[in-house]
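Commentary on secondary and tertiary structure
Each chain, written out:
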Amino acid sequence: SQIEVPPSDSPQINHDSSNAIVDTGATLISLPMEAFRQLIDQLSQAVPNASELLAPFCGDFNSEIAEQEQGIDSQQLDLAVWPNIEFHFRAADGSSACLSCPANHYWQLNSPAHGKAVFKLMGQLPDWPPQSIIGLPLLSAYYVVFERDETANGVVRFAKPRNR
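The following paragraphs examine the structure supplied in this document.

Of the regular secondary structure elements, the protein holds five helices and 11 strands. Against the 2.2 N^0.38 benchmark of 15 Å for 164 residues, the protein shows a C-alpha radius of gyration of 16 Å, consistent with a compact globule. Each principal axis of the C-alpha distribution contributes one length, and for the protein these read about 45 × 45 × 30 Å. Per-residue burial over the protein gives 32% buried out of 164 residues.

In structure tokens:
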């Protein structure tokens, strides 16, 4: 089911800004804590051993980072049973876009070592406003074009690569 990430009323975010940052330098996706908890609950209901596999990636920030450096045994993962995660973005003009993140993008295999896997979504960063950081697990399946001169805040466009 759909998880809403409402516009932030945090004083740390400029009132003209978005509740999400598209960051091609981010190796993961960070969501506000409430949205992240809801996502973990939904994945735990959808995938039989998800709670066990996700537990190491759902602690406090320091333990999550430590687990990113350790990983879990990738033999425990059956990516075929993990759902795509859809992200719906709404533009200032009311238009919307839906981008799909497949399991083989939000689970990184053979990382940090051969035979290991890491979950590439996490909760809100410490001392960070309730603003999503949208990184490579979602973006790597798309062409991403940043047009800074179209509006005061710029525009981000996404396109699927054509099949060759």
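The next thing to look at is the packing of aromatic side chains. Following the criterion strictly, the structure yields eight aromatic pairs and no others. Aromatic side chains F57 and F119 sit 6.2 Å apart centroid to centroid with 50° between the ring planes, which places their arrangement in the tilted category. Residue F57 is found in the loop between α2 (50-54) and α3 (61-70), and its partner F119 is found in strand β7 (residues 116-119); the two are separated by 62 residues along the sequence. For the residue pair F57 and F119, the accessibility class agrees, reading buried in each case. For the pair W82 and Y106, a centre-to-centre distance of 6.4 Å together with 70° between the ring planes defines the contact as edge-to-face. Within this pair, whereas W82 is found in the loop between β3 (72-73) and β4 (85-90), its partner Y106 is found in helix α4 (residues 103-106), the two being separated by 24 residues in sequence. Overall, Y106 belongs to the buried group, its relative accessible area being 0%.

Taking strand neighbours across the sheet as the criterion, the three strands line up as β3-β7-β6 in an open arrangement whose pairing is antiparallel. In this open sheet, the two edge strands, each paired with only one partner strand, are β3 and β6 (107-109). Alignment of β6 against β7, held across three bridges, turns out to be antiparallel. Residue pairing in the sheet places Q108 in a bridge with V118 of β7. Lying on the sheet, α3 is in contact with β3 and β7; it crosses β7 at an angle near 150°.

W82, F87, Y106, W107, F119 and L121 are the most contacted members of the largest nonpolar core, which has 31 residues in total. Breaking this core down by element, the ones donating at least two residues are α1 (33-46), α2, β4, β5 (96-101), α4, β7 and α5 (136-139). Per element, the largest residue contribution to this core is five residues, and it comes from α1. Discounting residues that sit within four places of it in the chain, L121 has contacts with I29, L31, F36, L39, I85, F87 and Y106.

The rules we used
Residues numbered from 1 in each chain as written. Predicted model: local features only at pLDDT ≥ 70, side-chain atom pairs only at ≥ 80, totals over all residues. Heavy atoms only, no water. Helix = DSSP H or I, 4+ residues; strand = E, 2+ residues; numbered from the N terminus. Rg over C-alpha atoms; globule rule 2.2 N^0.38 Å. Buried < 20%, exposed > 50% of the residue type's maximum accessible area, 1.4 Å probe, protein only. Phe/Tyr/Trp six-rings, centres within 6.5 Å; stacked < 30°, edge-to-face > 60°. Pairing = 2+ DSSP bridges. Contact = heavy atoms within 4.5 Å. Axes fitted to C-alpha atoms, helices over the stretch in contact; angles between N-to-C directions. Core = buried A, V, L, I, M, F, W, Y, C linked by side-chain atoms within 4.5 Å.

That is the geometry; function is a separate question.
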